[in-house]
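# Coordinate inspection notes
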Amino acid sequence: MTSTVNNWWLSLQHDWYDGFANEEKVWVSAHRLNSATHHSYLNPTGPTDDLFTSNLISKRELEVLHKDSGTTTRFTAPVHSHSVTPNNNPVSLDLTSSNALGAVSDGKDVLVFEAQTGTVRRTLSGHVAGVETVKFFPSDKVLLTGGEDMQIRIWSVEDGSCPVTLTGHKRSVTCLDMIDRGKEVVSGSRDGTIKVWICGTQECITTLSLHGGSVNNIQVFNHPESNSTDRLVMSVTETGLLSLHNLQDTKLVSQYQHSSELTTCTAYTGNLLVAGSSAGEIITLDIRNFSKPTSIHKRSNYAITSLSCNGNRLWCGQKDGECYSIVPDTTLNCDTTLSGGECEAIYCVVANGDVVTTAAKDRKVRRYEV
């Protein structure tokens, strides 16, 4: 059985950068599951006691060391923070590959906005119930959306038209991805199925029944072996089932059953896959051996809500508003935490290059440069 890693981790007052700008002290804490929490304060000039040391790298970056554990974390403040959806929670978010435009769900609508300013460029209306998932095509000119109305819609970002609507799921569409440049798209649903669609003919060519309850997340990726042309789809479900299917022949490649609901997933570097759980676990699996995880990381009991990879760094969003990066194939220590949110659930994390963007329950979309 794989042991769970419970490392020390640090938290800092969410608006520390404003506090320091006003020459005010801010609180800092060190946490570990089943251990006493260490609390203290930091001044702009340094710590107030011997528990922590700090180094103000810039007005938006602060490095803090917890002396007892040797844990060091860099806290990064947002470059921009926008209320793009003032009336609804932004439960889904995606960015273009250049980070120039974002798309965010706003109830039954989708808002396309300028990522740096938060200015809404276009409102996409057509879904008749809440939108649960949005994803840009690789061209950045087309957007894929799915929602509680069981529809999948394909939109032109340039003129707002919706030339394609795909129907066939029997419950909400919860997650979307695409194969290569997007001639075929893949959808997951609360009806427990994954469907593959041809965009040009609007035809469903494959239906995979998972028998694991609602499909919470999927990701399509190329088989990591260099001599393979196979496309794989990873999925996670409310019953804790992680499945890996070959999209060429629709065969089940591997399956792993976790003890709690799996909420999100992503393909990591090499042969590693990562899933997040409702119990706050980050589970790493090797595609070559699904018998047990290579590691399980847990810093609290709050659900992992979103995962996004950027090189070898894995960005993790949690239900308590924490958003941080780890490297799953090492010691699993957190190296960077994104500041700004105050205990409001992170719905989505999107990492593109040196930019990380989050959407949270406080209806803020925050942009970070890391």
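Residues numbered from 1 in each chain as written. Predicted model: local features only at pLDDT ≥ 70, side-chain atom pairs only at ≥ 80, totals over all residues. Heavy atoms only, no water.

## A closer look at the overall build of the chain
- The helix and strand inventory of the chain stands at one helix and 36 strands.
- Against the compact-globule benchmark of 21 Å for 370 residues, the chain has a radius of gyration of 21 Å, which places it among compact chains.
- Summarising its shape, the C-alpha atoms of the chain cover approximately 65 × 50 × 35 Å along the three principal directions.
- Sequence separation of at least 24 residues holds for 42% of the intrachain contacts in the chain that already meet a minimum separation of 6.
- When the accessible area of the chain is evaluated, it comes to approximately 15400 Å², of which 43% is carbon and sulfur surface.
- Side chains of the chain give 31 positive and 40 negative charges; the mean places of these two sets differ by 3 Å. (Helix = DSSP H or I, 4+ residues; strand = E, 2+ residues; numbered from the N terminus. Rg over C-alpha atoms; globule rule 2.2 N^0.38 Å. Contact = heavy atoms within 4.5 Å. Areas by Shrake-Rupley, 256 points an atom, 1.4 Å probe, with all protein chains shown as cover. Lys, Arg positive; Asp, Glu negative; His and termini not counted. Charge placed at Lys NZ, Arg CZ, Asp CG, Glu CD.)

## Brief notes about the nonpolar core
- In this structure, Phe221, Met234, Leu242, Leu244, Leu273 and Phe290 are the most contacted members of the largest nonpolar core, which totals 17 residues.
- Of all elements in the fold, only strand S23 (231-237), strand S24 (241-246), strand S26 (262-267), strand S27 (272-277) and strand S28 (281-286) reach the threshold of two or more residues within this core.
- If we ignore the near neighbours within four places in the chain, the residues touching Phe290 are Leu242, Leu244, Ser254, Gln255, Tyr256, Leu273 and Leu285.
- Core analysis: the next-biggest nonpolar cluster, separate from the first, contains 15 residues, Phe20, Val28, Leu62 and Ala77 among them. (Core = buried A, V, L, I, M, F, W, Y, C linked by side-chain atoms within 4.5 Å. Buried < 20%, exposed > 50% of the residue type's maximum accessible area, 1.4 Å probe, protein only.)

## A closer look at the state of the cysteines
- All told, the structure shown has zero disulfides when counted by the stated rule.
- The structure places no disulfide on Cys175, whose sulfur is separated from the nearest cysteine sulfur, that of Cys265, by 7.7 Å.
- Among the residues examined, Cys175 registers a relative accessible area of 1% and is labelled buried.
- A relative accessible area of 4% means that Cys265 is categorised as buried. (Disulfide = S-S within 2.5 Å.)

## Description of the packing of aromatic side chains
- Enumeration over the complete set of coordinates arrives at two aromatic pairs.
- Centroid distance Trp16 to Tyr17: 5.6 Å. Interplanar angle 85°. Geometry classified as edge-to-face. In this structure, Trp16 and Tyr17 share a single accessibility class: buried.
- With a centroid separation of 5.9 Å and 75° between ring planes, the pair formed by Trp16 and Phe20 is classed as edge-to-face. Here Trp16 and its partner Phe20 are both found in helix H1 (residues 16-21), four residues apart, which amounts to about one turn of the helix. Residue Trp16 shares its accessibility class with Phe20, and that shared class is buried.
- One cation-aromatic arrangement involves Lys25 over Tyr41; the distance from NZ or CZ to the ring centre is 4.5 Å.
- Geometry around Tyr324 places Arg299 over its ring, the cationic atom sitting 3.7 Å from the centre. (Phe/Tyr/Trp six-rings, centres within 6.5 Å; stacked < 30°, edge-to-face > 60°. Lys NZ or Arg CZ within 6 Å of the ring centre and 35° of its normal.)

## What about the pattern of salt bridges?
- This structure, assessed with the given rule, holds nine salt bridges.
- Close ionic contact of Arg74 with Glu61 constitutes a salt bridge, the shortest N to O distance being 3.7 Å. Of the two residues, Arg74 sits in strand S8 (residues 71-76) while Glu61 sits in strand S7 (residues 61-66), which places them 13 residues apart along the sequence.
- One network of salt bridges, in which partners are shared, links Glu61, Glu63 and Arg74. (Salt bridge = Lys/Arg side-chain N within 4 Å of Asp/Glu carboxyl O.)

## A closer look at unusual backbone geometry
- Positive phi values are uncommon outside glycine, yet Met150 reaches one of about 70°.
- Residue position: Met150 is located in the loop between strand S15 (142-147) and strand S16 (151-156).

## Quick notes on the pairing of strand S30 (residues 304-310)
- Most of S30 is tucked away: five of the seven residues are buried.
- Examined bridge by bridge, S30 and strand S31 (residues 313-318) share six bridges and lie antiparallel to one another. In the sheet register, Asn310 faces S31, and the bridge partner there is Arg313.
- Hairpin connection, S30 to S31: the antiparallel pair is bridged by two residues, and Gly311 has positive phi, about 65°. (Pairing = 2+ DSSP bridges.)

## Notes on the side chain of Asn352
- Within the element layout of this structure, Asn352 appears in strand S34 (residues 346-352).
- Ignoring anything within four residues of it in the chain, the contact list for Asn352 reads Leu95, Thr96, Ser97 and Asn99.

## Notes on the environment of Val104
- If you trace the backbone, Val104 turns up in strand S11 (residues 101-106).
- Of the residues examined, Val104 reaches a relative accessible area of 0% and is grouped as buried.
- Setting aside residues up to four positions removed in sequence, Val104 forms contacts with Val84, Thr85, Pro90, Ser92, Leu93, Asp109, Val110, Leu111 and Phe113.

## Digging into the sheet that holds strand S22 (residues 215-222)
- With antiparallel pairing, the four strands of this open sheet are ordered in space as S22-S23-S24-S25. With partners counted over all chains shown, the strands left at the sheet margins are S22 and strand S25 (252-257), one partner each. Each strand axis lies, on average, 15° off the axis of its neighbour in the sheet, ignoring direction.
- Sheet analysis places S23 next to S24, joined by five bridges and oriented antiparallel. When the sheet's bridge partners are listed, Met234 is paired in S24 with Leu244. (Axes fitted to C-alpha atoms, helices over the stretch in contact; angles between N-to-C directions.)

## A short note on the pairing of S7
- Judged from the six bridges that link them, strand S6 (residues 52-58) and S7 form a sheet pairing that is antiparallel. Bridge pairing in S7 links Ser58 to Glu61.
- Linkage of S6 to S7, two consecutive antiparallel strands, is achieved through a turn of two residues.
- As paired elements, S7 and S8 share six bridges and run antiparallel to each other. Its bridge partner being in S8, Leu65 is matched across the sheet by Thr72.
- Here S7 folds back onto S8, and the loop between the two strands holds four residues, one of which, Gly70, carries a positive phi near 75°.

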